[in-house]
Amino acid sequence: MKRKTLFLVEVAVFAALAVLLDYVSSIISLRIWPQGGSVSIAMVPIFIMAFRWGLKGGLTTGLLLGALQLVVTQPWIATPVQAFIDYFVAFTVVGFAGVFAKKVQQRFEGGEKTVANAYMVTGILLGSMLRFLCHFATGIIFFGMYAPEDQPIALYSFLYNGSYMLPSAIISGVVVVALYGAASRVLLRKAA
């Protein structure tokens, strides 16, 4: 029971932290992207939960972040389906980084920090790519009207969403690896 309570508390705290980080990032990036998006480290708490608790932690934290963004922030909503994909699905799939949780934990416990970092980076790339694919798809389906006339809609969506997702993935990766490098024992520890 104690472990389940700790899990739920951590999901709530890390999702709230992700909303706060996204809010700060959106202020700093000055809303350069007119149909939504910003360079943000909001994925960092999802990755931490994914590597700490596995798929369950990552997916649940991402789902809660998506829901909170719809309620707390000023979301860009074209249709309910687009909102569902861009918020619920896109942030939930970031948690798939958790497929590497056991390998990350085993490598850190075995003192193989470089290999653990490689698994974390792979998980971060997986989660970021899956989120990008969600935004890319909604960009084609729901936001193609904003593409310049001489530009293919798929290219427009790729460039638009890639312009904030690639920096977000890189910065999140650097932050997560740095955090685990400095405090891996705390970040990997689970309740007994």
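Predicted model only: the values in this text are computed from it and were never measured.

A few words on helix H2 (residues 43–53). Of all eleven residues making up H2, eleven are buried, and the element is well covered by its neighbours. All of the buried residues in H2 are Met 43, Val 44, Pro 45, Ile 46, Phe 47, Ile 48, Met 49, Ala 50, Phe 51, Arg 52 and Trp 53. Elements that come into contact with the buried residues of H2 comprise helix H1 (2–28), helix H3 (55–72), helix H4 (80–92), helix H5 (101–109), helix H6 (113–142) and helix H7 (153–188). A positive phi of about 85 degrees marks Gly 54, the residue just after H2.

A few words now on the UniProt feature "transmembrane region" (unreviewed entry) in the protein. The sites that carry the UniProt feature "transmembrane region" (unreviewed entry) are, in the present numbering, residues 36–55, 62–78, 84–101, 121–146 and 166–188. The straight-line gap between the two end C-alpha atoms of residues 84–101 is 27 Å; of that span, 56% is helix and 0% is strand. Along residues 166–188 the backbone is 100% helical and 0% strand, and the end-to-end C-alpha distance reaches 26 Å.

Looking now at the layout of surface pockets. A water-sized probe, rolled over the atoms, reveals where empty space remains. Of the volumes computed, that of the second largest pocket is approximately 220 Å³. Taken together, Leu 125, Ser 128, Met 129, Phe 132, Phe 158, Gly 162, Met 165, Leu 166, Ala 169 and Ile 170 form the lining of the second largest pocket. Listing elements by their share of the lining of the second largest pocket, those giving two or more residues are H6 and H7. The element that contributes the greatest number of residues to the lining of the second largest pocket is H7, accounting for six residues. For the lining of the second largest pocket, a count of residues per class yields eight nonpolar, two polar and no charged.

For the rest of this paragraph, the subject is the packing of aromatic side chains. Tallied over the full model, the rule gives eleven aromatic pairs. Consider the rings of Phe 132 and Phe 136, whose centres lie 5.7 Å apart with planes at 20 degrees: the pair is stacked. Taken together, the positions of Phe 132 and Phe 136, both in helix H6 and four residues apart, correspond to about one turn of that helix. Clustering of aromatic rings is evident, with ring pairs tying together Phe 51, Phe 108 and Tyr 180.

The contact between H2 and H7 brings their axes to 9 Å, and the two run at 45 degrees. With respect to each other, H2 and H7 are oriented oblique. Taken as a pair, H2 and H7 cross one another with a handedness that is right-handed. In this structure, H2 uses Met 43, Val 44, Phe 47, Ile 48, Phe 51 and Arg 52 to contact H7, whose residues at the interface are Met 165, Ser 168, Ala 169, Ser 172, Val 175, Val 176, Leu 179, Tyr 180, Val 186, Leu 187 and Leu 188. Residue classes in the contact of H2 with H7 are distributed as 14 nonpolar, two polar and one charged.

Reading the values: the criteria
Residues numbered from 1 in each chain as written. Predicted model: local features only at pLDDT ≥ 70, side-chain atom pairs only at ≥ 80, totals over all residues. Heavy atoms only, no water. Buried < 20%, exposed > 50% of the residue type's maximum accessible area, 1.4 Å probe, protein only. Helix = DSSP H or I, 4+ residues; strand = E, 2+ residues; numbered from the N terminus. Contact = heavy atoms within 4.5 Å. UniProt positions renumbered as here; feature names shortened; annotations may be inferred. 1 Å grid on protein atoms, 1.4 Å probe; cavity = no way out; pocket = protein on both sides within 12 Å on 5 of 7 lines; lining within 4 Å. Points joined across faces, edges and corners; volume = space filled by probe spheres on them. Nonpolar A, V, L, I, M, F, W, Y, C, P; charged D, E, K, R; others polar. Phe/Tyr/Trp six-rings, centres within 6.5 Å; stacked < 30°, edge-to-face > 60°. Axes fitted to C-alpha atoms, helices over the stretch in contact; angles between N-to-C directions. Parallel < 35°, antiparallel > 145°, perpendicular 65-115°, else oblique. Left-handed = near helix turned anticlockwise from the far one by under 90°.

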